Amino acid sequence: MTAISFPSNHSVQLSPAHTFLRSFRIAAWLGWQIESNWTDPFLFAIYSVIKPLASAAILVVMYSIITQGNFASPVFSYIYLGNAFYAYVGAIMTGMSWTIIDDREHYKTLKYMYIAPISVPVYLLGRGVAKFVVASISVLITLLFGVLFLQLKINLLEVNWGLFFLALVIGVLMLATMGLLLAGVNLLIAHHYGAYGEAVAGALYLFSGAIFPLEVLPAWLRPVGFIMPVTYWLELIRRSLVGSVADAFPTLSAVSNLQLLAILVGLTVIFALGSIFTFRWCESRARERGMLDMVTNY
Amino acid sequence: MENKTLSMENLPRVPKNTGWRLFIQTVIARAYPRLIGQQREKSWMFFDIFLPMMGVAAYVFVYRAIQAPEDYIGFVVVGGAMTAFWLNVLWSMSSQLYWEKEQGNLALFIIAPNSMMAILLGMALGGMVATTLRALAIMILGSLMFQVHYAVGSFGQLVMVFLLAMTALYGMGMMAASLFLLLSREAWHISNLAQEPVYLISGFYFPIKSFNFWVAAAASVIPLTLGLDAMRQLVFLSGPSLGFLSVPLEIGILVALCIVFLVGARYLLAYMERLAIREGRLTESRR
């Protein structure tokens, strides 16, 4: 008779770094499956392209009607680039926070995430990766469309690539921290959970000067834009891609690239600390109130 | 002692409606939660007005940044108000049967002795009334915030255009709902996909005349395209010069769209219901 031998009963101790990487990697894979496997790759590609292009086209048509197609103006570059890169805000920030609702209400798996040997904030960051990939594709296609058909003046040889990638990385981290903050809030929300993410994204779209210079806002609303990191992030992205845009608008023209980076990093750190604290607090409240496995059918 | 044991025979008979009485009863029953739900949870009003208002404000500031004529600000406010109807048709009409399937109600709708057409009509009427309130609030707030000036030419035509556009739009929603009977996970994505492209081709934020004639003609299949175009012609001074077709012609086309969509909804719903039953999709839940 053959004896069946089991592995020794010692539990495998994983280092925090290993746990981090494992949670992140598996969550990213899961996120990608959820995002993309509802249809075939061709339809998914069309889906990923149509929405951002339609959103950009609304602004292009509005601009074109009023200016008779003067796409060479820096105003157009300002609007077009701001709108294109804003895709990251909706995707990463709202996407990460929506993961809580999706897992809790739809898939009903949030409680299993909490009993698994993973770090939930890292899991949420991982789920944001798929959103980042989809948003990157849409940003790339929107930019390509602008360069090919709308005289968007991005000269690849003149782009400040160092500044661009640095700003992009800090910006993505900043959006992830904001997403974590919203995810924490979503842990405690039973009603209108979709609306909070949309409200924050909408407010950022309006007040961060994503598609119009902040001078257009009434003077009493402008300070709201100046405390939002997205304002500085979008300015850095515009400056790195089309340097002349910065000179055309007085909003931040007196601020150097280095100063903008410093402000962005500072605000990102503040948001990161606030997000971690808020998420942990919301998490403990959700545990106390038994809300981690709540299904509201709302 | 009198035997007071209850038996089915002793219960008073509940009057049973059939035919058109049952149809109307079903319409009222399905419209009821939409109307009452709004009264019971007033916070919906805040989110449904506040969120579209931010979009409206963003587009208004874009027009201000490029120094557009003031009437364009009004175009955005009217278009922004009408987005409430498109979102309602998309999320609470077309994809509603998918949500009902997810929650297990769809099978109950099918086995109950009522018409699915009456259920959809009830959803449409309830949704239309509730959404009209939201759209009105967006319009009033937007007009006050951005000082929009209206110059209404004909109130009669304006009311007629609005009612025809709504009838055709919700008819289209009923027709689309039948298609969603067959969908599962992809329903959410399809509804999500149909937002911005329709804002674009229906000219929610600019006159549809800006497009090539054939593009605008194709976009006119969506009732809000002509409805918005006609309403702008009727309420703004510069409207007629920016209109796609004449208002009487647009009214005629909207009447035709009403007939096509309502009749189409009736036949498509019956066909799709049979198909969904045959393929066993009424209770499936692919998450």
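Criteria and cut-off values
- Residues numbered from 1 in each chain as written.
- Chains lettered and ligands numbered in written order.
- Predicted model: local features only at pLDDT ≥ 70, side-chain atom pairs only at ≥ 80, totals over all residues.
- Helix = DSSP H or I, 4+ residues; strand = E, 2+ residues; numbered from the N terminus.
- Buried ≥ 20, exposed ≤ 12 C-beta atoms within 10 Å, placed from the backbone.
- Contact = placed C-beta atoms within 7 Å.
- Nonpolar A, V, L, I, M, F, W, Y, C, P; charged D, E, K, R; others polar.
- Axes fitted to C-alpha atoms, helices over the stretch in contact; angles between N-to-C directions.
- Parallel < 35°, antiparallel > 145°, perpendicular 65-115°, else oblique.
- Left-handed = near helix turned anticlockwise from the far one by under 90°.
- pLDDT = per-residue confidence, 0-100.
- Core = buried A, V, L, I, M, F, W, Y, C linked by C-beta atoms within 7 Å.
- Expected span 1.5 Å × (residues − 1).

A separate point is the overall build of chain A. The helix and strand tally for chain A stands at 11 helices and 0 strands. Tracing chain A from N to C terminus, the helices and strands come up as α-α-α-α-α-α-α-α-α-α-α. Principal-axis analysis of the C-alpha atoms gives chain A an extent of 85 × 45 × 40 Å. The proportion of buried residues among the 298 residues of chain A is 42%. A separation threshold of at least 6 residues defines the contact pool for chain A, and within that pool the share at least 24 residues apart is 83%.

Let us look at unusual backbone geometry. Residue and element names in this part refer to chain B. In the Ramachandran plot, Gln67 falls in the positive-phi region, its phi being about 55° despite a non-glycine side chain. One can find Gln67 in the loop between α2 (43-65) and α3 (70-94). A residue is classified by how many C-beta atoms lie within 10 Å of it, and Gln67, with 9 of them, is exposed. Its identity as a non-glycine residue notwithstanding, Gln147 has a phi of 50°, on the positive side. Structurally, the position occupied by Gln147 is in the loop between α6 (116-146) and α7 (155-180). When the 9 C-beta atoms within 10 Å are taken as the criterion, Gln147 is described as exposed.

A few words now on the interface of chain A and chain B. Chain A puts 34 residues into the contact, and the matching count from chain B is 28 residues. Examining the composition of the side of chain A that touches chain B, we find that 14 residues originate from one element, helix α2 (residues 41-67) of chain A, more than from any other. The class makeup of the residues in the side of chain A that touches chain B is 25 nonpolar, 7 polar and 2 charged.

On to the packing of helix α3 (residues 74-106) of chain A against helix α7 (residues 193-207) of chain A. All names here are of chain A. With their axes 10 Å apart at the nearest point, α3 and α7 run at an angle of 160° to one another. Here α7 runs roughly antiparallel to α3, going by the angle between their axes. Read as a crossing pair, α3 and α7 show a hand that is right-handed. Across the interface between the two elements, Tyr86, Val89, Gly90, Met93, Thr94, Ser97, Trp98 and Ile101 of α3 pack against Tyr193, Gly197, Glu198, Ala201, Leu204 and Tyr205 of α7. Here the residues of the contact of α3 with α7 are counted per class, giving 9 nonpolar, 4 polar and 1 charged.

Chain-level statistics for chain B give a pLDDT mean of 87 and a share of 95% at 70 or above. Both scores are given for the predicted complex: the pTM is 0.87, the ipTM 0.87.

Let's shift gears to the nonpolar core. If you look at the biggest cluster of nonpolar residues, it comprises 172 residues, and the most contacted ones within it are A:Ile79, A:Ile92, B:Val62, B:Tyr63, B:Val76 and B:Met82. Looking at this core element by element, the count peaks at 19 residues for α3(A). Those residues in contact with B:Tyr63 that lie beyond four places of it in its chain are A:Met62, A:Ile66, B:Ala68, B:Tyr72, B:Ile73 and B:Val76.

Residues and elements named next belong to chain B. Take Ala31: it is sitting in helix α1 (residues 19-40). Take Ala31: there are 21 C-beta atoms within 10 Å of it, and that puts it in the buried class. Separated by 207 residues in the primary sequence, Ala31 and Ser238 place their C-alpha atoms 38 Å from one another. With sequence-adjacent residues up to four places away left out, Ala31 is seen in contact with Gly122, Leu125 and Gly126.

Turning next to helix α9 (residues 229-241) of chain A. With 13 residues, α9(A) should cover 18 Å at 1.5 Å per step; its first-to-last C-alpha distance of 19 Å lies within 8% of that length. In terms of residue burial, α9(A) counts as a mostly covered element, since 13 of its 13 residues are buried.

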